[in-house]
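# Geometric and topological summary
One-letter residues, chain by chain:
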Amino acid sequence: MNENNKLENLTLTVIKTILILVISLTITSVILEVSFSQGILFDSIEISGMNLLDFTTIFLIFMIPVSRSIIMIIEFSKSDNQINAVSELAVLGIILGLVTRIII
Amino acid sequence: MDILLFVYILSTSFIAGIIGSLLGLGGGIILVPALTILFDMPIHEAIGVSFIGVLVNSSSSSLVYIKNRMTDMRLSSILELGAVTGSIIGAYTALLIDSNILSAIFGIVLGYISIDMYRKLKKNSEDNNKESRSDDEREYYDESTNEIITYSVIREKEGTVLSVIGGIFAGLLGLGGGAIFVPIMNRIMKVPIKVAIATSSFMIGVTSLVGALIFFNNGFIDVALVSPIILGIFFGAQIGSRINKGIDKQILTNIFCLVLIYIALRMIINGLEIEVLNL
């Protein structure tokens, strides 16, 4: 039960933190867009066809399932739930494979 | 992006977030038809941004479910493998399918979901899985009865294989897939309905991520729409979960079943390109 609680608390903290960051960045992006400052501040750096702020927001959203998968793999391995750990590892492998495809 | 369009998309996502949260849906079920019917957006682009909305909605609702100790993470890790595989198949299939056919498929699936939702409401389906037993006992805290409920998960292999189907629909149509994952867990694996909904909500994060990555790679996610969708869905879901208790769910579900059936028919008609007197 304690291991379960630890996994839940860790997952909760990570999702909450990233979600707060995403919402804050999105609100910042909207404020900058409305005040026409985004172009001056962020458009000079472009990644995958997006400005830095949009890229960071999307990257963080994508990081929510990735980071909780990593936590689950670590915690399942520690608690000897090998089937769950391997299954989650396979899921993470698939996600990273898709990310690699985008980068390449 | 035009400010007026931003406000329209924000409002639509906000409503999708509230309805999704009130009815236990991902939000994509409202977002995709709204973007295609109201904003004349190509269905592939609507599905692409819907994945982002579903991902945000799933993360937001998972916070509540995990906090209430209702999410079965072990079960989720097993089913996710099948769901992710299905989501890849679904997303790549969606990219190959003509938008009219995709619209018709969306309409049919939406029709099925709304009829199923209405049927469940009529049956007033109560949880009958609290008594299922195996060697591997698990538990969750039921806030409504203030007690710890013990349950067991059976037929894990079958569940994993069937979750591929849920994943296919999630990847194909930009929905969460909860309409399929929940019955698989509840009816086949004998998981209590509350745990099934919480676990499905948690899993949807991964299936929508996979769909989003594939659509993003193929240029079907309009980055300009991401901000209003994130804000709308997030705040809509937060408000939906807060007003949830004070609303008569039976009346609400009845109304939305009718609305969803109307949307389903519109999507089918659009897909089949039938000219109907300005429906």
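We now turn to the structure provided with this report.

Analysis parameters
Residues numbered from 1 in each chain as written. Chains lettered and ligands numbered in written order. Predicted model: local features only at pLDDT ≥ 70, side-chain atom pairs only at ≥ 80, totals over all residues. Heavy atoms only, no water. Helix = DSSP H or I, 4+ residues; strand = E, 2+ residues; numbered from the N terminus. Buried < 20%, exposed > 50% of the residue type's maximum accessible area, 1.4 Å probe, protein only. Contact = heavy atoms within 4.5 Å. Areas by Shrake-Rupley, 256 points an atom, 1.4 Å probe, with all protein chains shown as cover. Buried area = accessible area lost by both parts, 1.4 Å probe. Polar contact = N/O pair within 3.5 Å; in protein donor to acceptor, adjacent residues only side chain to side chain. Axes fitted to C-alpha atoms, helices over the stretch in contact; angles between N-to-C directions. Parallel < 35°, antiparallel > 145°, perpendicular 65-115°, else oblique. Left-handed = near helix turned anticlockwise from the far one by under 90°. Nonpolar A, V, L, I, M, F, W, Y, C, P; charged D, E, K, R; others polar. 1 Å grid on protein atoms, 1.4 Å probe; cavity = no way out; pocket = protein on both sides within 12 Å on 5 of 7 lines; lining within 4 Å. Points joined across faces, edges and corners; volume = space filled by probe spheres on them. Expected span 1.5 Å × (residues − 1). Salt bridge = Lys/Arg side-chain N within 4 Å of Asp/Glu carboxyl O. Phe/Tyr/Trp six-rings, centres within 6.5 Å; stacked < 30°, edge-to-face > 60°.

Along the backbone of chain A there are four helices and two strands. When its helices and strands are written in sequence order, chain A yields α-α-β-β-α-α. Buried positions account for 43% of the 104 residues belonging to chain A. Long-range pairs, those at least 24 residues apart, make up 52% of the contacts in chain A with a sequence separation of at least 6. Total accessible area on chain A is roughly 5500 Å²; 69% of this is exposed by carbon and sulfur atoms.

This brings us to the interface of chain B and chain A. With 41 residues of chain B in contact, the opposing surface of chain A contributes 42 residues. Interface area, chain B with chain A, both sides summed: about 3800 Å², of which 77% is carbon and sulfur. Three residues, B:Leu63, B:Arg69 and B:Leu213, lead the burial of chain B against chain A; their summed loss comes to 15% of the area buried on that side. On inspection of chain B and its partner chain A, the count reaches six residue pairs in polar contact (both at pLDDT 80 or more). Put simply, the parts of the chain that give the side of chain B that touches chain A at least two residues each are α3 (43-67), α4 (73-96), α8 (193-217) and α9 (223-243) of chain B. With 11 residues, the top contributor of residues to the side of chain B that touches chain A is α8(B).

At a minimum axis distance of 10 Å, the contact between helix α3 (residues 52-78) of chain A and α9(B) shows a crossing angle of 60°. Taken together, the axes of α3(A) and α9(B) lie oblique to each other. Relative to α9(B), the crossing made by α3(A) is left-handed. The segment α3(A) lies against α9(B), with A:Asp54, A:Thr57, A:Ile58 and A:Ile61 engaging B:Val223, B:Val226 and B:Ile230. For the contact of α3(A) with α9(B), a count of residues per class yields five nonpolar, one polar and one charged.

Let us look at empty space enclosed by the protein. Going through the model one piece at a time under the given rule, you end up with two cavities of 30 Å³ or more. Empty space within the largest cavity amounts to approximately 50 Å³. Lining the largest cavity, in full, are A:Ile15, A:Ile64, A:Pro65, A:Arg68, B:Ser58, B:Ser59, B:Ser62, B:Phe202 and B:Gly205. For the lining of the largest cavity, the secondary-structure elements that each account for two or more residues are α3 of chain A together with α3 and α8 of chain B. Of the residues that constitute the lining of the largest cavity, the class distribution is four nonpolar, four polar and one charged. By volume, the second largest cavity is sized at about 40 Å³. Surrounding the second largest cavity, A:Thr26, A:Ser29, A:Asp54, A:Thr57, A:Ile58, B:Val223, B:Val226 and B:Ser227 form its lining.

With that settled, consider helix α6 (residues 156-173) of chain B. Taking 1.5 Å of rise per residue, the 18 residues of α6(B) would be expected to cover 26 Å, and the 26 Å separating its terminal C-alpha atoms lies within 8% of that figure. Just past α6(B), the residue B:Gly174 takes up positive phi, approximately 75°.

Applying the stated rule across the entire model yields seven salt bridges over all chains. As a salt-bridge pair, B:Glu80 and A:Arg68 come within 2.7 Å of each other at their nearest N and O atoms. Here A:Arg68 lies in helix α3 and B:Glu80 lies in helix α4, a pairing that spans two chains. B:Glu80 sits in the buried class, given a relative accessible area of 1%. Given the relative accessible area of 2%, A:Arg68 is considered buried. Here B:Glu156 makes a salt bridge to B:Arg138, at a shortest N to O gap of 3.2 Å. One end of the pair, B:Glu156, is in helix α6; the other, B:Arg138, is in strand β1 (residues 137-142), with 18 residues separating them in the sequence. Taken together, the shared-partner salt bridges in this structure form one network comprising A:Lys6, A:Glu75 and A:Lys78.

Turning to the packing of aromatic side chains, a few remarks are in order. What the rule picks out here adds up to seven aromatic pairs over all chains. Ring centres 6.1 Å apart and planes at 15° place the aromatic pair A:Phe55 and A:Phe59 in the stacked group. Remark: A:Phe59 and A:Phe55 occur in helix α3; sequence separation between them is four residues, near one turn of the helix. The exposure class assigned to A:Phe55 is partly exposed, which follows from its relative accessible area of 24%. With a relative accessible area of 43%, A:Phe59 lands in the partly exposed category. Between A:Phe62 and B:Phe216, the ring centres sit 6.4 Å apart and the planes meet at 85°, which makes this aromatic pair edge-to-face. Pair noted here: A:Phe62 is in helix α3 and B:Phe216 is in helix α8, and the two residues belong to different chains. The pair formed by A:Phe62 and B:Phe216 is uniform in burial state, with each residue classed as buried. Members of the aromatic cluster, joined through ring pairs, are B:Phe51, B:Phe215 and B:Phe220.

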